[in-house]
Amino acid sequence: MINNCYKSADFFYFCSKQNTVNEILRISKTFFGYLKRPRLYPELGRKIIKNIFSRNAAFRGKEKTFLWASAKAISPEEAIKNLFGFEMKPFSELFPEELKAAQQKEKSCPIKMGGAGALELIYSACEFTHAKNVVETGVAYGWSSFAALLSLAKRNGTLYSSDMPYLDQNGDQYVGCVVPEKLKSNWTLFRHADKESLPKIFGEAHEFDVVHYDSDKAYEGMSWAYSQLYPRLRAGGVFISDDINDNSAFQDFCEKNGIEPTVVDFEGKFVGIFLKN
């Protein structure tokens, strides 16, 4: 029995040590990734300051918002019906061939990024607004881009995207990999942090039909982005923010601006959405 306890202790010590080594390697890769990209130096400086002085502030109000969102949450089907007035159709029915090809591209991608989000919600928002200009933050494989572009291409509209390179995986070339070539003529991708990308995007388009936020999940980053994106969303436009349960930034923003949002439960996470009056 004692020997087994020692073996268990040795195993947990080894795992803990291995995790520490892996984390050090990940941080090192990320740091050197920044150093190789001078255009990202401003974001590197912000991250260093944040990690030294306000690391815990990223999750401000998380418990409060989890309870708030849980009480309000409805399904994507209900949200689309309530907000847009039509029934949700699954992507597997709307675009079976395109979806299958995109899934194969994700499967063959050698690095791991964020999975597909609420594709039908994004697509429906673009259809409802007859979108010509859409802005999104956060791309990864490009699933949200894929959904928006399938709608925008019908009207020769443009998707403006902001996304940081995946610095610890050397995966720059795979960002947006599921987006079909035929849709890329309607897509403009800015490879900077939001604080550098968004001013560039606003220089090209002054008003948007749909906003989709899915990048920096820290309270300060979300609050700053909301303050920049909301004024540029047209009246009647749709604002969508993923992972609103990470902190209270979305709840606080809505309460401050007198907005009554819809909260969508998507695979155990919460998405916030509202129409701008």
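Everything that follows concerns the structure shown earlier in this document.
Residues numbered from 1 in each chain as written. Predicted model: local features only at pLDDT ≥ 70, side-chain atom pairs only at ≥ 80, totals over all residues. Heavy atoms only, no water.

Asks: I'm lost on the sheet that holds strand E5 (residues 233-241) in this one. Help?
Replies: Sheets are built from strands paired through backbone hydrogen bonds, the pairs being either parallel or antiparallel. Taken in spatial order, the seven strands of this open sheet run E3-E2-E1-E4-E5-E7-E6, and their pairing is mixed. With one partner strand each, in any of the chains shown, strand E3 (187-190) and strand E6 (262-266) form the two edges of the open sheet. Sheet twist, expressed as the average angle between the axes of neighbouring strands with direction ignored, equals 15°. The sheet contacts of helix H8 (residues 143-152) involve strand E1 (133-137), strand E2 (158-162), E3 and strand E4 (208-213), and relative to E2 the element is tilted by about 165°. Running over the sheet, helix H10 (residues 219-229) touches E1, E4 and E5 and is turned about 180° from E4. (Pairing = 2+ DSSP bridges. Helix = DSSP H or I, 4+ residues; strand = E, 2+ residues; numbered from the N terminus. Axes fitted to C-alpha atoms, helices over the stretch in contact; angles between N-to-C directions. Contact = heavy atoms within 4.5 Å.)

Asks: It is not clear to me how the environment of Asp163 should be interpreted in this structure. Could you clarify?
Replies: By the secondary structure assignment, Asp163 is in the loop between E2 and E3. With relative accessibility at 7%, the residue Asp163 sits in the buried group. Counting along the chain gives 29 residues from Asp163 to His192, while the straight-line C-alpha distance between them is 6.0 Å. Ignoring anything within four residues of it in the chain, the contact list for Asp163 reads Gly138, Val139, Ala140, Val175, Leu189, Phe190, Arg191 and His192. (Buried < 20%, exposed > 50% of the residue type's maximum accessible area, 1.4 Å probe, protein only.)

Asks: Would you explain the environment of Asp209 in this entry?
Replies: Mapped onto the elements of the fold, Asp209 is located in strand E4. By relative accessible area, which is 12% here, Asp209 ends up buried. As for Asp209 and Phe128, which are separated by 81 residues in sequence, their C-alpha atoms are 9.6 Å apart. Those residues in contact with Asp209, other than ones at most four positions away along the chain, are Thr129, Ala131, Lys132, Asn133, Leu233, Arg234, Gly237 and Val238. Polar side-chain contacts of Asp209 include one of 2.6 Å to the side chain of Arg234. (Polar contact = N/O pair within 3.5 Å; in protein donor to acceptor, adjacent residues only side chain to side chain.)

Asks: What is the right way to look at the side chain of Ser162 in this model?
Replies: Residue placement: Ser162 occurs in strand E2. At 3.3 Å, the side chain of Ser162 forms a polar contact with the side chain of Ser197. Leave out the neighbours within four places in its chain, and Ser162 touches Glu136, Thr137, Gly138, Val139, Phe190, His192, Ala193, Asp194, Ser197 and Ile201.

Asks: Looking at this model, I keep getting lost on the packing of aromatic side chains. Mind explaining?
Replies: Any two aromatic rings considered together are summarised by their centre-to-centre distance and by the angle between their planes. With the rule as written, the count across this model stands at 19 aromatic pairs. Measuring from centroid to centroid gives 5.9 Å for Phe91 and Phe146, while their planes differ by 65°, and the two rings are edge-to-face. Residue Phe91 is located in helix H5 (residues 91-94), and its partner Phe146 is located in helix H8; the two are separated by 55 residues in the primary sequence. Judged by its relative accessible area of 0%, Phe146 is buried. Ring centres of Tyr226 and Phe253 lie 5.5 Å apart, and the angle between their planes is 55°; this geometry places the pair in the tilted category. Here Phe253 lies in helix H11 (residues 249-256) and Tyr226 lies in helix H10, a separation of 27 residues in the sequence. A relative accessible area of 12% places Phe253 in the buried class. When the ring centre of Phe202 is taken as reference, the NZ or CZ atom of Arg232 above it lies at 3.9 Å. The ring of Tyr230 has Lys276 sitting right over it, with the charged end atom 4.5 Å from the ring centre. (Phe/Tyr/Trp six-rings, centres within 6.5 Å; stacked < 30°, edge-to-face > 60°. Lys NZ or Arg CZ within 6 Å of the ring centre and 35° of its normal.)

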